[in-house]
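# Descriptive analysis of the structure
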Amino acid sequence: MTAQSCPRQHCATTMDSAALEPSLYTVKAVFILDNDGNKTLQKNLKNYYDPELYPSMKEQKNFELNVFNKTHKADNEIAFLEGMTIVYKSSIDLFFYVVGSAQENELMLMAVLNCLFESVSQMLRKNVEKRTLLDNMDGVFLVVDEIIDGGVILESDPQQVIEKVNYRADDSPLSEQSVAQHITEKLALTSNVLQSAKEQIKWSILK
Amino acid sequence: MIKKFDKKDEESGSGSNPFQHLEKSAVLQEARIFNETPINPRRCLHILTKIIYLLNQGEHFGTTEATEAFFAMTRLFQSNDQTLRRMCYLTIKEMANISEDVIIVTSSLTKDMTGKEDVYRGPAIRALCRITDTTMLQAIERYMKQAIVDKVPSVSSSALVSSLHMVKMSFDVVKRWVNEAQEAASSDNIMVQYHALGLLYHLRKNDRLAVTKMLNKFTKSGLKSPFAYCMMIRIASKLLEETEGGHDSPLFDFIESCLRNKHEMVVYEAASAIVHMPKCTARELAPAVSVLQLFCSSPKAALRYAAVRTLNKVAMKHPSAVTACNLDLENLITDSNRSIATLAITTLLKTGSESSVDRLMKQISSFVSEISDEFKVVVVQAISALCQKYPRKHSVMMNFLSNMLRDDGGFEYKRAIVDCIISIIEENPESKETGLAHLCEFIEDCEHTVLATKILHMLGKEGPRTPTPSKYIRFIFNRVVLESEAVRAAAVSALAKFGAQNDDLLPSVLVLMQRCMMDSDDEVRDRATFYMNVLQQKQKALNAAYIFNGLSVSVPGLEKSLHQYTLEPSEKPFDMKTVPLATAPITEQKTEIAPMATSKLPEKLAPARQDIYQEQLAAIPEFKGLGPLFKSSEPVQLTEAETEYVVRCIKHTFGNHMIFQFDCTNTLNDQLLQRVQVQMEPSESYEVLHYVPAPSLHYSQPNSCYSLVRLPEDDPTAVSCTFSCTMKYLVRDCDPNTGEPDDDGYDDEYVLEDLEVTVADHIQKVLKPNFGAAWEEIGDEFEKEETFALATVRTLDEAVNNIISFLGMQPCERSDKVAENKNSHVLFLAGVFRGGHDVLVRARLALADGVTMQVTVRSTDENVVDVILASVG
């Protein structure tokens, strides 16, 4: 007989759920994109994604493309896209992104981004560009692993991260292939120098 | 020099990226060198990196190949190269879900996590927990407990975070580590503290008392980590919301004290928490607003963004609280980050004065194309709010909106603009023509069917009443030629309205209609044929009933009645009057017609309400055969809010009866009430037929009892009546803790407030979109007119609101809004009287010393007219 439920109980106050459920799961995604000059083509270098928000590769790619298109022109540090807060930072030909929910504390996300960038920068001895990053990919993987674990901020101090990773960046690429590459590059440079010297002489004579 | 090489590389393509063209099979082939002795750490490292890279790219690994690579990788544990070992952990984590038998590495990982090398221990714990399931967890429980309280911060943090991940999977096991987590929470390391707090909260969040205790402890002892403070603020504000704690609560004090923390992150979190509190007064907001104001001039873009976004939220509810920040916001208008600039402008639009509107709109139109759709919608919403505040600014706004409408944008964005324009048109008669012109232009090239049909409906409603209706015909007919079925059908309906309203257009509309009758779609053809035939009759009443005002019944109700009719075949034709009426939907556009007047309730709830009642009442055998439910009133409170028993009444009106539903709640935990019923003593010739008591009323479990009353048949004008109500029941005292009642009880009664039945209970609201046509349709057969002086009323607004609430009828043609600075007004009201008689009221109001009112009532039934006039007098 108690089945006659009182309809007024449905009148729950539907305030927008502005308050965030307290949780350590702060970061929804971390990724680094490069800019190949060809603006539509980027390569994702390292990512962490919240599997609930972006279950498949396709959604991740779409999201990245959208984010890249909206952010690569101006270095604005923060954006709001597809209902997500995105903080980002660029360096030469790289873009570092940290994504959190719309209600997330933006400064917490910034702390993660700064830590990521500083750690990578220290590890690569300030050469934060695509080439060095690719050469030290394993190090970058380890750095991200130390900063974020399944969406939880594990560490926010770059000094600590570097100590924990304890990674030495390559100074001189030693493999045969790279030596050969090195030599050809050197040769190309010398021929370049010769070429320009010739030009200069030619011009001075012509004058 | 190095730079120069890079440039060359880039020009020559992407050859510089060693990971560009990786082949999965080739990489797996290479992975065979894992088996070589001695291990070459460098090369193995490189291959592991490639594998992880491929996994990150979303490359699919089959179970067999993944397992093979995984097993080969396990050999690398023999090497002592640090980076290689770390990459092994990563590979284990990445492959945990795709490879089989990952648990074979358990012993190696357990060795590393308890070993001497601190560098390995943290990552080993995290890898181990990733491959562990509930049964395995028991085996490593001992190590986990030790790790949580380990003095090396990275080990402790790793153990805490891994435990948190495992709470979802095996809550019961992790719950046993609460003491260790407690110990870790007092660690000196800021991250350990944060992680311990997070884990503790996750373990205890269902136990409000434990959470409160935890908060008290940490607010007293203080924390080192800014992250932990942010977490605490969130927990505290959630608790405040749940307990509906006032602002004198120590939790609020804690949050407020965080505004003075030295970390910006904590200060911002606290300010944002205060702003988001549901019942925050301007005075409590002030300190939060002033720290946000400081952040507005920060050099950090993220901080400025955070501040202005939060201020924007404040401005929605308390615009005056933000006025102090106007100067700082002005400076942000030109911020290079467009998101910040947009938020600053929309905030200023909410707080600023009318004079600044033009300038702000100009500013924002300079970069509106650069911002994302999300922010464009924010801008449109701000404009919409602004139009209501400053109606005179509509020309600026309309211009701006039409420009936005021409830009590219997604559906949500366009819909926001269209909604905004429509609301401006409805608010401001002067803006009607420009607005309609913009909308016409928009549907010329509109890919969204929903928007096109919506605009066509709008055109059909408003277009015929403009000075030059003919110019809209072309836009509408273009749609018939060019668009999809749904849009064509909507266009046909719109055309018919032009034909019905404007006699001089009728011949041309009929020609166009003729062409629509050859449409390829059934619905379009049917509509065209129907309208054609109606229009050819050239009868105002037909036009009003079938073209302008449509059906006023509730669609689900009609469906149910028709179904019932087909189940019980009878000689009688189906009677539309037996179908429950739909009351005026809040806006006419809504596709779901709300069956009750529920403008105050949330929309989602509205459609179900009367149906719920109908079903509940039909389930009670005493109430069989009363016919369909005509109207259910809003609940009326019959007790004060804080009394022993709380009773409220809902009045359900039927054809010749009324049912009073008393929702009773017992707020005494030491009493059980039984056989509860409400005795009613009517003042007029109303007759109480039945009481249906509630069998029992337990503490805080609401239950309902009912009374059935017959309305006086011989005197149809007796619509109002006062009932004195007494609740009678049997009390049985019971133990407050167990709820076990005593064996015997005693009878008792409780006097309730009087219940009034008024004329409004007999009238259901119905919206007539075209009141004039409906007025003509009913005709003046039973028209009556009378003049009254309302001496106590001082303003026209007040008079209008009084009449509406007294008669319980639906205001039409937006006549419930009184124009400013006028001293006369005409109010149009429409409704259906019990028994299915349409009733329309036209009230002319004039303001002198008091308000003088001339009421004209038309109805299809003479009695109804008398009832209304009698009750007004």
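Every value quoted in this text rests on a predicted model; they were computed, and no experiment measured them.

Our focus in this paragraph is the overall build of chain A. In terms of regular secondary structure, chain A is built from 6 helices and 7 strands. Overall, chain A shows an N-to-C arrangement of helices and strands of β-β-α-β-β-β-α-α-α-β-β-α-α. For chain A, contacts bridging at least 24 residues in sequence account for 52% of all contacts bridging at least 6. Looking at chain A as shown, the accessible area adds up to about 10,100 Å², and 54% of this sits on carbon and sulfur atoms.

For chain B, the helix and strand inventory stands at 37 helices and 17 strands. Across the 873 residues that make up chain B, the buried fraction comes to 53%. Put simply, chain B shows about 40,000 Å² of open surface, and 50% of that area lies on carbon and sulfur atoms.

Residue and element names in this part refer to chain A. Closest axis-to-axis distance for the helix H4 (residues 137–147)/helix H5 (residues 158–165) pair is 10 Å, and the angle between their directions is 125°. With respect to H5, the axis of H4 lies oblique. H5 is crossed by H4, and the crossing has right-handed handedness. For the pair formed by H4 and H5, the contact residues are Leu142, Val143, Glu146 and Ile147 on the first element and Val161, Lys164 and Val165 on the second. Classifying every residue of the contact of H4 with H5 gives 5 nonpolar, no polar and 2 charged.

For the rest of this paragraph, the subject is the nonpolar core. By size, the foremost hydrophobic cluster in this structure holds 253 residues, and its most contacted members are Phe34, Leu109, Ile255 and Met513 of chain B. Counting residues per element, this core draws most heavily on helix H2 (residues 106–123) of chain A, at 12 residues. Those residues in contact with leucine 109 of chain B that lie beyond four places of it in its chain are Phe77, Tyr89, Ile92, Ala124, Ala127, Leu128 and Ile131 of chain B.

With that out of the way, let us pick up the confidence of the model for chain B. Residue and element names in this part refer to chain B. Here chain B averages 81 in pLDDT, while 92% of its residues score no lower than 70. Below a pLDDT of 50 lies the segment residues 1–15, which in the model reaches 11 contacts outside its immediate sequence neighbourhood of four places, other chains included. Taken together, the stretch residues 584–607 has pLDDT below 50 and engages in 40 contacts with residues farther than four places along the chain or on a different chain. Two numbers describe this predicted complex: its pTM, 0.64, and its ipTM, 0.74.

With that out of the way, let us pick up the pairing of strand S1 (residues 27–34) of chain A. All names here are of chain A. The element S1 is extensively covered by neighbouring structure, given that 8 of its 8 residues are classed as buried. In this structure, S1 lies alongside strand S5 (residues 94–101), joined through 7 bridges in antiparallel fashion. Opposite leucine 33, over in S5, you have phenylalanine 95 as the bridge partner.

Now for helix H7 (residues 118–131) of chain B. Every α-helix carries 3.6 residues per turn, so stepping three or four residues along brings you back to the same face. Its 14 residues give H7 of chain B an end-to-end C-alpha distance of 21 Å, which sits within 8% of 20 Å, the value for a rise of 1.5 Å per residue. For H7 of chain B, the buried fraction is high: 11 of the 14 residues fall into the buried class. All of the buried residues in H7 of chain B are Tyr120, Arg121, Gly122, Pro123, Ala124, Ile125, Arg126, Ala127, Leu128, Cys129 and Ile131 of chain B. Packing partners of the buried residues in H7 of chain B comprise H4 and strand S6 (148–149) of chain A together with helix H5 (82–95), helix H6 (106–114), helix H8 (134–148) and helix H9 (153–167) of chain B.

Residue and element names in this part refer to chain B. Per the stated rule, a full pass over the model turns up 3 cavities of 30 Å³ or more. There is about 60 Å³ of room inside the second largest cavity. Taken together, Val275, Met277, Pro278, Cys280, Leu285, Lys313, Val314, Lys317 and His318 make up the lining of the second largest cavity. For the lining of the second largest cavity, the element with the highest residue contribution is helix H18 (residues 301–317), accounting for 3 residues. Classifying every residue of the lining of the second largest cavity by side-chain character gives 6 nonpolar, 1 polar and 2 charged.

Using the criterion set out here, one finds 37 salt bridges over all chains in the structure. Of the charged contacts, one joins lysine 164 of chain A and glutamate 155 of chain A as a salt bridge, the two residues approaching to 3.2 Å between their closest N and O atoms. Across the pair, glutamate 155 of chain A and lysine 164 of chain A agree in class, each one buried. Overlapping salt bridges bring together Asp145, Glu146 and Asp149 of chain A together with Arg86, Lys93 and Arg126 of chain B as one network.

All names here are of chain B. Within the secondary structure, tryptophan 177 is located in the loop between helix H10 (171–175) and helix H11 (178–185). The class of tryptophan 177 is buried, set by a relative accessible area of 0%. Discounting residues that sit within four places of it in the chain, tryptophan 177 has contacts with Leu137, Glu141, Met144, Lys145, Ile148, Ser163 and Met166.

This brings us to helix H13 (residues 208–221) of chain B. Residue and element names in this part refer to chain B. Between its terminal C-alpha atoms H13 stretches 20 Å, which fits the 20 Å expected from 14 residues at 1.5 Å a residue. The set of residues buried in H13 consists of Ala210, Val211, Met214, Leu215 and Phe218. The buried residues of H13 occupy an angular sector of 135° when projected down its axis, which confines them to one face. In H13, the exposed residues that point more than 90 degrees away from the buried face are Leu209, Lys213 and Lys220. Contacts made by the buried residues of H13 are with H11, helix H12 (190–204), helix H14 (226–243) and helix H15 (250–257). In the stretch just after H13, glycine 222 is the one whose phi turns positive, near 80°.

The residue lysine 126 of chain A is not glycine, and still its phi comes out positive at about 70°. Along the chain, lysine 126 of chain A turns up in the loop between H2 and helix H3 (130–135). Backbone geometry at aspartate 101 of chain B places phi at a positive 55°, although glycine is not the residue there. Residue class for aspartate 101 of chain B comes out partly exposed when judged on its relative accessible area of 47%.

There is a patch of like negative charges on the surface, built from Asp670, Asp733, Asp735, Glu740, Asp742, Asp743 and Asp744 of chain B. Along the polypeptide, aspartate 742 of chain B turns up in the loop between strand S9 (721–733) and strand S10 (746–751).

This paragraph deals with the confidence of the model for chain A. Residue and element names in this part refer to chain A. Considering every residue of chain A, the mean pLDDT works out to 73; 67% of them sit at 70 or more. When pLDDT is averaged over each helix and strand of chain A, the minimum, 55, is found for strand S2 (residues 44–49) and the maximum, 92, for H2. Across residues 1–18 the pLDDT falls below 50, and counting only partners more than four positions away or on other chains, this stretch makes 24 contacts in the model. The low-confidence segment residues 172–177 (pLDDT under 50) makes 3 contacts with residues lying over four places distant or belonging to another chain.

This next bit is on the side chain of serine 249 of chain B. All names here are of chain B. By the secondary structure assignment, serine 249 is in the loop between H14 and H15. Owing to a relative accessible area of 14%, serine 249 belongs among the buried residues under this scheme. In terms of polar contacts, serine 249 uses its side chain to reach the backbone amide nitrogen of leucine 251, at 3.0 Å.

For the rest of this paragraph, the subject is the packing of H6 of chain B against H8 of chain B. When two helices pack together, their arrangement is given by the angle between their axes and by how far apart the axes lie. Residue and element names in this part refer to chain B. Viewed as axis vectors pointing N to C, H6 and H8 meet at an angle of 15°, and their least axial separation amounts to 11 Å. On the basis of their axis angle, the class for H6 and H8 is roughly parallel. Viewed along their axes, H6 and H8 form a crossing whose handedness is left-handed. Residue-level inspection shows Thr106, Thr110, Met113 and Thr114 of H6 in contact with H8, the latter providing Met136, Tyr143, Met144 and Ala147. Residue composition of the contact of H6 with H8, by class: 5 nonpolar, 3 polar and no charged.

All names here are of chain A. Per the stated rule, a full pass over the model turns up 19 aromatic pairs over all chains. Both rings, one in phenylalanine 68 and one in phenylalanine 95, keep their centres 5.5 Å apart while their planes meet at 85°; by these two values the pair is edge-to-face. Here phenylalanine 95 lies in strand S5 and phenylalanine 68 lies in helix H1 (residues 57–71), a separation of 27 residues in the sequence. In terms of burial, phenylalanine 68 and phenylalanine 95 fall into one category: buried.

On to the environment of isoleucine 33 of chain B, then. All names here are of chain B. Here isoleucine 33 lies in the loop between helix H2 (24–30) and helix H3 (41–56). Classification of isoleucine 33 by relative accessible area gives buried; the value is 13%. Note: C-alpha distance between isoleucine 33 and methionine 73 (40 residues apart in sequence) is 9.8 Å. Once residues within four sequence positions are removed from consideration, isoleucine 33 is found in contact with Arg43, Cys44 and Ile47.

Another aspect to go through is the environment of glutamate 330 of chain B. Residues and elements named next belong to chain B. Structurally, glutamate 330 is set in helix H20 (residues 326–332). Through-space distance from the C-alpha of glutamate 330 to that of alanine 344 is 7.3 Å; in sequence the pair is 14 residues apart. When sequence neighbours within four positions are dropped, the list of residues in contact with glutamate 330 reads Leu348 and Arg359.

The rules we used
Residues numbered from 1 in each chain as written. Chains lettered and ligands numbered in written order. Predicted model: local features only at pLDDT ≥ 70, side-chain atom pairs only at ≥ 80, totals over all residues. Heavy atoms only, no water. Helix = DSSP H or I, 4+ residues; strand = E, 2+ residues; numbered from the N terminus. Contact = heavy atoms within 4.5 Å. Areas by Shrake-Rupley, 256 points an atom, 1.4 Å probe, with all protein chains shown as cover. Buried < 20%, exposed > 50% of the residue type's maximum accessible area, 1.4 Å probe, protein only. Axes fitted to C-alpha atoms, helices over the stretch in contact; angles between N-to-C directions. Parallel < 35°, antiparallel > 145°, perpendicular 65-115°, else oblique. Left-handed = near helix turned anticlockwise from the far one by under 90°. Nonpolar A, V, L, I, M, F, W, Y, C, P; charged D, E, K, R; others polar. Core = buried A, V, L, I, M, F, W, Y, C linked by side-chain atoms within 4.5 Å. pLDDT = per-residue confidence, 0-100. Pairing = 2+ DSSP bridges. Expected span 1.5 Å × (residues − 1). 1 Å grid on protein atoms, 1.4 Å probe; cavity = no way out; pocket = protein on both sides within 12 Å on 5 of 7 lines; lining within 4 Å. Points joined across faces, edges and corners; volume = space filled by probe spheres on them. Salt bridge = Lys/Arg side-chain N within 4 Å of Asp/Glu carboxyl O. Arc of directions from axis to C-beta. Patch = residues over 30% accessible without salt bridge, like charges linked within 9 Å, V, L, I, M, F, W, Y side chains within 5 Å. Lys, Arg positive; Asp, Glu negative; His and termini not counted. Charge placed at Lys NZ, Arg CZ, Asp CG, Glu CD. Polar contact = N/O pair within 3.5 Å; in protein donor to acceptor, adjacent residues only side chain to side chain. Phe/Tyr/Trp six-rings, centres within 6.5 Å; stacked < 30°, edge-to-face > 60°.

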